[in-house]
Amino acid sequence: MSPSAGGADVQLGERLGLKPGMVVQELGWDEDVDDAIRAEIENTIDADLVDGDHGDVVDVVLLWWRDDDGDLVDALVDSLTDLVRGGAIWLLTPKVGRPGAVDAADVAEAGPIAGLSTTTTVAVGKEWTATRLVAPKNR
């Protein structure tokens, strides 16, 4: 997997388990997000990302989160609103040492409180880390 000029992996969408036709909801967008990551995800799903006002079920939630964004548990619970059963939340946080970095222990603690399990963490782009959270199968 070679990085593109924008810093996103060429096969990032596939690494995140995304496929054409999936509906991906983006929450927590701000001017600091990595547009190369967003573009690669849109290329993989062959559609635009939808926002919080989408009003229908989504396959995946892409949640951009920084340390000073508020209560992570509340944000994760809110992310479940439109998520289809069996869907995943990809929590994107700034990498360690970057402004707004979120302590991995905070993510590990917030997930179970929100009813989620952490399954995978991968580096995405130059500035962000993505953590996959899913609801337990017995939910």
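Residues numbered from 1 in each chain as written. Predicted model: local features only at pLDDT ≥ 70, side-chain atom pairs only at ≥ 80, totals over all residues. Heavy atoms only, no water.

## Remarks on the side chain of Thr131
Reasoning step 1: Its location among the elements puts Thr131 in strand β5 (residues 128-134).
Reasoning step 2: Not counting residues up to four positions away in its chain, the partners in contact with Thr131 are Ile89, Trp90, Leu91, Val107, Thr118, Thr120 and Thr121. (Helix = DSSP H or I, 4+ residues; strand = E, 2+ residues; numbered from the N terminus. Contact = heavy atoms within 4.5 Å.)

## A closer look at the packing of aromatic side chains
Reasoning step 1: With the rule as written, the count across this model stands at one aromatic pair.
Reasoning step 2: Here the aromatic rings of Trp64 and Trp128 are separated by 4.7 Å at their centres, their planes lie at 80°, and the arrangement is edge-to-face. Here Trp64 is found in strand β2 (residues 58-64), whereas its partner Trp128 is found in strand β5, with 64 residues between them in sequence.
Reasoning step 3: A relative accessible area of 3% places Trp128 in the buried class. (Phe/Tyr/Trp six-rings, centres within 6.5 Å; stacked < 30°, edge-to-face > 60°. Buried < 20%, exposed > 50% of the residue type's maximum accessible area, 1.4 Å probe, protein only.)

## Things to note about the sheet that holds strand β4 (residues 117-124)
Reasoning step 1: Spatially, five strands are ordered β1-β2-β3-β5-β4 in an open sheet, and the strand pairing comes out mixed. The open sheet has two edge strands, β1 (24-27) and β4, and neither has a second partner. Between one strand axis and the next, the sheet turns through 20° on average, direction left out of account.
Reasoning step 2: Relative to strand β3 (residues 83-94), β2 runs parallel, the two being bridged by six bridges. When the sheet's bridge partners are listed, Trp64 is paired in β3 with Leu92. (Pairing = 2+ DSSP bridges. Axes fitted to C-alpha atoms, helices over the stretch in contact; angles between N-to-C directions.)

## Notes on helix α2 (residues 35-45)
Reasoning step 1: Within the sequence span of α2, burial applies to Ala36, Ile37, Arg38, Glu40, Ile41, Thr44 and Ile45.
Reasoning step 2: The elements touched by buried residues of α2 are α1 (12-15), β1, β2, β3, β4 and β5.
Reasoning step 3: Phi turns positive one or two residues past the end of α2, at Asp46, with a value near 60°.

## Some points on the pattern of salt bridges
Reasoning step 1: The full count for this structure, using the stated rule, is five salt bridges.
Reasoning step 2: A salt bridge links Asp69 to Arg66; the shortest N-O distance between them is 2.8 Å.
Reasoning step 3: What makes Asp69 partly exposed here is its relative accessible area of 32%.
Reasoning step 4: Among the residues examined, Arg66 registers a relative accessible area of 7% and is labelled buried.
Reasoning step 5: A salt bridge links Arg98 to Glu127; its shortest N-O distance comes to 2.7 Å. One end of the pair, Arg98, is in the loop between β3 and α4 (104-113); the other, Glu127, is in the loop between β4 and β5, and 29 residues separate them in sequence. (Salt bridge = Lys/Arg side-chain N within 4 Å of Asp/Glu carboxyl O.)

## Quick notes on α4
Reasoning step 1: Val107, Ala110 and Gly111 are the residues of α4 that are buried. One side of α4 carries all its buried residues, which in axial view fall inside an arc of 105°. Opposite the packed face of α4, turned more than 90 degrees from it, sit the exposed residues Glu109, Pro112 and Ile113.
Reasoning step 2: Along its buried surface, α4 packs onto α3 (72-79), β3 and β5.
Reasoning step 3: The backbone nitrogen of Ala105 lies 2.8 Å from a side-chain oxygen of the residue at the head of α4, namely Asp103.
Reasoning step 4: At the C-terminal side of α4, Gly115 shows a positive phi close to 85°. (Arc of directions from axis to C-beta. Polar contact = N/O pair within 3.5 Å; in protein donor to acceptor, adjacent residues only side chain to side chain.)

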